[in-house]
Amino acid sequence: MTNKSSVPKKLSFISIYFLGINAVIGSGTFLLPSVIYRYMNLTAILVLLCTAVTVSMIALCYADLSSRFTQSGAAWLYSYNAFGRFSGYELGIFTWFLGCTTLSAEVVALLTILKSFLPIFKNNAVYISGIIFLILLFSIINFFGRSWVKIVNNISAAAKIITLLVFIIVGAFFIKKAHFTPVIPHAALTGVGPFFKHFGAAFTPIFYLFTGFSFIPIAAKQMNNPEKNIPRVLIAVMTSVTILDCLMLLVAIGLSGQKLGGYSNPLASALKTGVGQWGFAFMIVGMLISIFGVAFSASFNTPSLIASLATEHGMLPKWIGKKNKHDAPWVGIIFTAVLSGALATQSYLFLVSCTVLASFVQYVPSILAVIKFKHSNEYPTHDFSLPGKYTIPIIALISSCYMVTNFTPKTLLLGAVVAVIAAACYFFIDKDEKLEKEHEDFLAKLRRKN
């Protein structure tokens, strides 16, 4: 008889919300405002709002899809049911790659910030040791399943929100109106081409601020009432993050003006101009907590993804989906740790570009899946229905395709390499699965005869 007390408790709405906050608010929120401001000055706030609307359209498509399915997997699961096994497999690999690049980017950002006040991390051996330590730390916590995940996640998410609120509220008292000029760089006003070049250059880093929302449905099986809670969490997280980011950027510009574009730690340096050194120290601590939270969230969701590829529909060998007594996908945790550790040896901006590329690859098929399900009436929704039938998916699709114009040839080449390698592996994995099934059928026939 199963002991009910031994069954791991599933994540509640508030825990899923904090998981979403941790997945979205991370290093980009604290490190990219200087890059964003350089391209669009005060108008960057309007670009942020445009980007938020764009990503929200995509998030609404995810809300629609998550209300149709209770299984783990998110984008790959939606694509699998809409377009078949190979499509689901390719998207699953890209989504897992996205999780690994996100985890690696946050680890690199964490160590980069530590470098600014702990010179010992400038030593390459110490830096690599830091990567190994953090990856191992996340893996060990995740080996103990959801009980540790909820504790660490809720604390880091709450601390992160408090840090941003303190920056916004305290910083608002030291804003100078003169810092809100210029409204837009002069170079962006010399023609339509230069304007859209500046707009696109700001759009990409701003887009990175929101990409984490797609991780929320990945571990759906470990959540309570996922078809009901995930759509609500997606909407709540996107609304919260948009408000916080707009206020954050407005206060940062008001505190620093044109100096903001030259800061390596923009929010910390901005608050320092208003309240002094304690403001800088406070923000550095908040940044470390925030980035730790995003890295931890990615380390939790990403192994669940690769495990779901193996267990849900057998797209990977079943041993990859094995779990320990704490219901943690221990094989997936090891795989994620190895790839993330290797990627963490690369630069932060390179990992950011990889993350945006992998996000684009999973958004388009997911949006198309919404359109197909609405047309065919397959997999009905539960407790959430996307209004306007095809309107929101079409807007989301056009907006997603705009991202292609901002990718460099190197980034597109990387995407092609990942897709080709994944396809080659699929051929052998699919072949092995068929041979295994044929072998099992043969043994079953023998048993029936005997």
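Residues numbered from 1 in each chain as written. Predicted model: local features only at pLDDT ≥ 70, side-chain atom pairs only at ≥ 80, totals over all residues. Heavy atoms only, no water.

For the protein chain, an unreviewed UniProt entry supplies the name APC family permease and the organism Lactobacillus johnsonii. Its UniProt record gives the protein chain the following Subcellular location (unreviewed entry) comment, quoted word for word: "Cell membrane". (UniProt positions renumbered as here; feature names shortened; annotations may be inferred.)

*Asks:* Sorry if this is basic, but what is going on with the overall build of the protein chain here?
*Replies:* On a plain count of helices and strands, the protein chain comes out with 16 helices and zero strands. A buried classification covers 55% of the 450 residues belonging to the protein chain. Taking the intrachain contacts of the protein chain between residues at least 6 apart in sequence as the baseline, contacts between residues at least 24 apart amount to 83%. Here the protein chain displays about 19,100 Å² of accessible surface, and carbon together with sulfur accounts for 69% of that area. (Helix = DSSP H or I, 4+ residues; strand = E, 2+ residues; numbered from the N terminus. Buried < 20%, exposed > 50% of the residue type's maximum accessible area, 1.4 Å probe, protein only. Contact = heavy atoms within 4.5 Å. Areas by Shrake-Rupley, 256 points an atom, 1.4 Å probe, with all protein chains shown as cover.)

*Asks:* Can you walk me through the packing of helix 6 (residues 85-117) against helix 7 (residues 124-143) in this structure?
*Replies:* Each packed pair of helices is defined by two parameters, the angle between the axes and the distance between the axes. The interhelical angle for the contact between helix 6 and helix 7, taken along N-to-C directions, is 130°, at an axis separation of 10 Å. Classified by the interaxial angle, the pair formed by helix 6 and helix 7 is oblique. For the crossing formed where helix 6 meets helix 7, the hand is right-handed. Judged by residue contacts, Leu-103, Val-107, Val-108, Leu-110, Leu-111 and Lys-115 of helix 6 engage Tyr-127, Gly-130, Ile-131, Leu-134, Ile-135 and Phe-138 from helix 7. Along the lines of polarity and charge, the residues of the contact of helix 6 with helix 7 split into 10 nonpolar, one polar and one charged. (Axes fitted to C-alpha atoms, helices over the stretch in contact; angles between N-to-C directions. Parallel < 35°, antiparallel > 145°, perpendicular 65-115°, else oblique. Left-handed = near helix turned anticlockwise from the far one by under 90°. Nonpolar A, V, L, I, M, F, W, Y, C, P; charged D, E, K, R; others polar.)

*Asks:* Just checking my understanding: could you explain empty space enclosed by the protein for this structure?
*Replies:* Rolled over the atoms, a probe with the dimensions of a water molecule shows which regions are left empty. Tallied over the entire structure, the rule returns four cavities of 30 Å³ or more. The calculated volume of the largest cavity comes to roughly 80 Å³. For the largest cavity, the lining is made up of 14 residues, of which Ala-23, Val-24, Glu-106, Tyr-208 and Thr-211 are closest to its centre. Breaking the lining of the largest cavity down by element, the ones donating at least two residues are helix 1 (13-24), helix 2 (27-31) and helix 6. Residue composition of the lining of the largest cavity, by class: six nonpolar, seven polar and one charged. (1 Å grid on protein atoms, 1.4 Å probe; cavity = no way out; pocket = protein on both sides within 12 Å on 5 of 7 lines; lining within 4 Å. Points joined across faces, edges and corners; volume = space filled by probe spheres on them.)

*Asks:* Help me out: how do you make sense of the packing of aromatic side chains in this one?
*Replies:* The way to describe two aromatic rings as a pair is by their centre distance and the angle between their planes. The tally for this structure, following the rule as stated, stands at 15 aromatic pairs. A centroid spacing of 6.1 Å and a plane angle of 80° characterise the contact between Tyr-62 and Tyr-78, whose relative ring orientation is edge-to-face. Of this pair, Tyr-62 sits in helix 4 (residues 44-66) while Tyr-78 is found in helix 5 (residues 75-83), placing the two residues 16 residues apart along the sequence. Taking relative accessible area as the criterion, Tyr-62 reaches 0% and is therefore assigned buried. On the accessibility criterion, Tyr-78 (3% relative accessible area) is buried. For the pair Phe-138 and Phe-292, a centre-to-centre distance of 5.0 Å together with 50° between the ring planes defines the contact as tilted. Taken together, the residues span a long stretch of sequence, with Phe-138 in helix 7 and Phe-292 in helix 12 (residues 277-311) at a distance of 154 residues. (Phe/Tyr/Trp six-rings, centres within 6.5 Å; stacked < 30°, edge-to-face > 60°.)

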